[in-house]
Amino acid sequence: ILTVALACAGVSHAAEPAAALSWTGGEALMKWRPYQLRLVTNTVDGVTYESTGTDPLLHSPHFDLTNLSPDHVVVIRAKIASGGRGELFHARPGEEGRHPQSRARNFDWIGDREWHEYRVRPCWHDARCVRQLRLDMPAKAGVRVEISRIAVETDPISRQPLVGTAHPSGGVAFTCGPVTE
């Protein structure tokens, strides 16, 4: 059982019992703050951004997520026009807006303009609380990305060393080596 204290209005529990946090659809995803991203569309299904620089990213709203474990994954449902390196960062209380590289997980955006579910294991189980996420897009200007959902879920199977392989849920799982601090 996850104990979740939400300090940020608008962050909701997802319908699935395994989701700790979920931002689904345009209204919820608009709470993420863009940097070097221009909003193209905002619909009930999600948001579309176009990158305007070489360091496009999204900052999540602030929240308090506790009882973290290695079974947690951040799930991103997105499609993107041009692939490249992505990064997912997490910040602890007092670090909001600052995301040290030691708390980053790399993954590959698949640039085929098709929907993919990215499952990124953040390696934050040694933290008492996580306060914010940062999602980096490929370092290219002019790239369109559509996002329909970002969530934190419990997924014990993600602990297996999967690298760009099919996940039993039908998505693609990515992971990388251990984070050292």
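Rules used in this analysis
Residues numbered from 1 in each chain as written. Predicted model: local features only at pLDDT ≥ 70, side-chain atom pairs only at ≥ 80, totals over all residues. Heavy atoms only, no water. Helix = DSSP H or I, 4+ residues; strand = E, 2+ residues; numbered from the N terminus. pLDDT = per-residue confidence, 0-100. Contact = heavy atoms within 4.5 Å. Pairing = 2+ DSSP bridges. Axes fitted to C-alpha atoms, helices over the stretch in contact; angles between N-to-C directions. Salt bridge = Lys/Arg side-chain N within 4 Å of Asp/Glu carboxyl O. Buried < 20%, exposed > 50% of the residue type's maximum accessible area, 1.4 Å probe, protein only.

(A) Region of the structure containing the environment of Asp126. Here Asp126 shows up in the loop between strand 11 (116-120) and strand 12 (129-130). Taking the C-alpha atoms as reference, Asp126 lies 8.9 Å from Pro70; in sequence the two are 56 residues apart.

(B) Fine view of the confidence of the model for the chain. The predicted model of the chain averages 80 in pLDDT, with 76% of residues at 70 or higher. Per-residue pLDDT stays below 50 along residues 1-17; that stretch engages in 36 contacts with residues further than four places along the chain or on separate chains. Low pLDDT, under 50, characterises residues 173-181; the stretch is placed with 33 contacts to residues that sit more than four places away or in other chains.

(C) Structural detail: the sheet that holds strand 13 (residues 132-136). Spatially, five strands are ordered 3-6-13-9-10 in an open sheet, and the strand pairing comes out antiparallel. The open sheet has two free edges, formed respectively by strand 3 (33-35) and strand 10 (104-109), since each of these has just one partner strand. Within the sheet, the average angular offset between the axes of one strand and its neighbour, ignoring direction, is 20°. Summarising the sheet, strand 3 and strand 6 (residues 57-59) pair through three bridges and their orientation is antiparallel. Counterpart to Arg33 in the pairing with strand 6 is His59.

(D) Here's a closer look at the pattern of salt bridges. The full count for this structure, using the stated rule, is 11 salt bridges. In this structure, Glu146 and Lys79 form a salt bridge, with 3.9 Å as the shortest nitrogen-oxygen distance. Of this pair, Glu146 sits in strand 14 (residues 144-154) while Lys79 sits in strand 8 (residues 72-80); the two residues are 67 residues apart in sequence, bridging distant segments of the chain. For Glu146, a relative accessible area of 29% translates into the label partly exposed. Glu117 is the partner of Arg119 in a salt bridge, and the nearest nitrogen-oxygen pair spans 2.8 Å. Its relative accessible area of 7% is what places Arg119 among the buried residues. What you see here is one network of salt bridges that share partners, running through Glu117, Arg119, Arg149, Glu153 and Asp155.

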